[in-house]
Amino acid sequence: MITIMKGFKYTITVVLVLISLVAFSQETAKVKSRRKALEKQEVEKKKAQKESVNEGKERHQNIQTKVVKKRMKKNDKRNKKFHKKRAKARRNK
């Protein structure tokens, strides 16, 4: 009789532990929505940062003189051409 009770208590304890693990391991809707909101905020933050960088670059170019703008444009073309050749040479190795 005593061994049956011990086995019964053990079984009940194991069942209760398993039920609690299953119940508490799942995320609640509140946690999921909070996680989604944080991810969305992160995406918006990165997007805003990219936009501000682009605006800064554009403003920087707009305040330059005509001669400097021309020189910058020439250097951009030269750099693109140079990097394109380097990338092609790396791929061919």
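This text follows the structure it describes.
What counts, and where the lines are drawn
- Counting of residues starts from 1 at the beginning of each chain's written sequence and follows it residue by residue.
- Totals for whole chains, interfaces and linings use every residue, but because this is a predicted model, local features are given only for residues with pLDDT of at least 70 and side-chain atom pairs only at 80 or more, for both listing and counting.
- Working from all heavy atoms in the structure, the side-chain values ignore hydrogens and water.
- Secondary structure elements are defined from DSSP: runs of H or I of at least 4 residues count as helices, runs of E of at least 2 residues count as strands, and each element is numbered from the N terminus.
- Note on method: radius of gyration uses C-alpha positions; expected globular size equals 2.2 Å times residues raised to 0.38.
- Under the scheme applied here, a residue whose accessible area is under 20% of the maximum for its type counts as buried, over 50% as exposed, and between as partly exposed, the area being computed with a 1.4 Å probe on protein chains only.
- Residues counted as positive are Lys and Arg, residues counted as negative are Asp and Glu, and His and the chain ends are not counted.
- Note on charges: their place is set at NZ of Lys, CZ of Arg, CG of Asp or CD of Glu.
- Patch rule: a residue counts if its relative accessible area is over 30% and it has no salt bridge; like charges are joined within 9 Å, and nonpolar side chains (Val, Leu, Ile, Met, Phe, Trp, Tyr) within 5 Å.
- In this description, accessible areas are obtained by the Shrake-Rupley approach with a 1.4 Å probe, and a residue is regarded as covered only by the protein chains that are shown.
- Note on definitions: salt bridges are taken to be side-chain nitrogens of Lys or Arg within 4 Å of carboxyl oxygens of Asp or Glu.
- Given a helix with a known number of residues, its expected span is that number minus one, times 1.5 Å.
- A fitted line through C-alpha atoms represents every axis, and for helices the fit uses only the stretch in contact; the resulting angles, taken between N-to-C directions, go from 0 to 180 degrees.
- Put simply, angles under 35 degrees are roughly parallel, angles over 145 are roughly antiparallel, angles from 65 to 115 are roughly perpendicular, and the rest are oblique.
- Any two residues having at least one pair of non-hydrogen atoms within 4.5 Å are treated as being in contact.
- Just so you know the grouping, Ala, Val, Leu, Ile, Met, Phe, Trp, Tyr, Cys and Pro go in nonpolar, Asp, Glu, Lys and Arg go in charged, and all remaining residues, Gly too, go in polar.

Take the overall build of the protein next. If you tally the helices and strands in the protein, you get 3 helices and 0 strands. N-terminal to C-terminal, the α/β element order of the protein is α-α-α. In terms of overall size, the protein is more extended than a compact globule, its C-alpha atoms giving a radius of gyration of 32 Å where 93 residues would be expected to give roughly 12 Å. Projected onto its principal axes, the C-alpha coordinates of the protein cover approximately 100 × 40 × 15 Å. In the protein, buried positions account for 0% of the 93 residues. Where the 31 positive side-chain charges of the protein centre and where its 8 negative ones centre are 11 Å apart.

As a further point, take the environment of Glu39. Looking at the element boundaries, Glu39 is found in helix H2 (residues 29–62). Separated by 33 residues in sequence, Glu39 and Lys6 place their C-alpha atoms 50 Å apart.

Residues Glu44, Glu51, Glu55 and Glu58 make up a contiguous surface patch of negative charge. Among the structural elements, Glu58 can be located in helix H2.

The end-to-end C-alpha distance of helix H3 (residues 66–92), which contains 27 residues, comes to 39 Å, matching closely the 39 Å that a straight helix rising 1.5 Å per residue would cover. Across the 27 residues that make up H3, only a small minority, 0, are buried.

For the rest of this paragraph, the subject is a nonpolar patch on the surface. Residues Phe8, Ile12, Val15, Leu16 and Ile19 make up a contiguous nonpolar surface patch of about 470 Å² in total accessible area. You can call Leu16 exposed: its relative accessible area is 54%.

Where H2 contacts H3, the axes come no closer than 10 Å and their chain directions differ by 130 degrees. Compared by their axis directions, H2 and H3 come out oblique. Between H2 and H3, the residues in contact are His60, Gln61 and Asn62 and Lys69, Met72 and Asp76, respectively. Its residues assigned to classes, the contact of H2 with H3 comprises 1 nonpolar, 3 polar and 2 charged.

Purely geometric stuff here, so don't read any function into it on its own.
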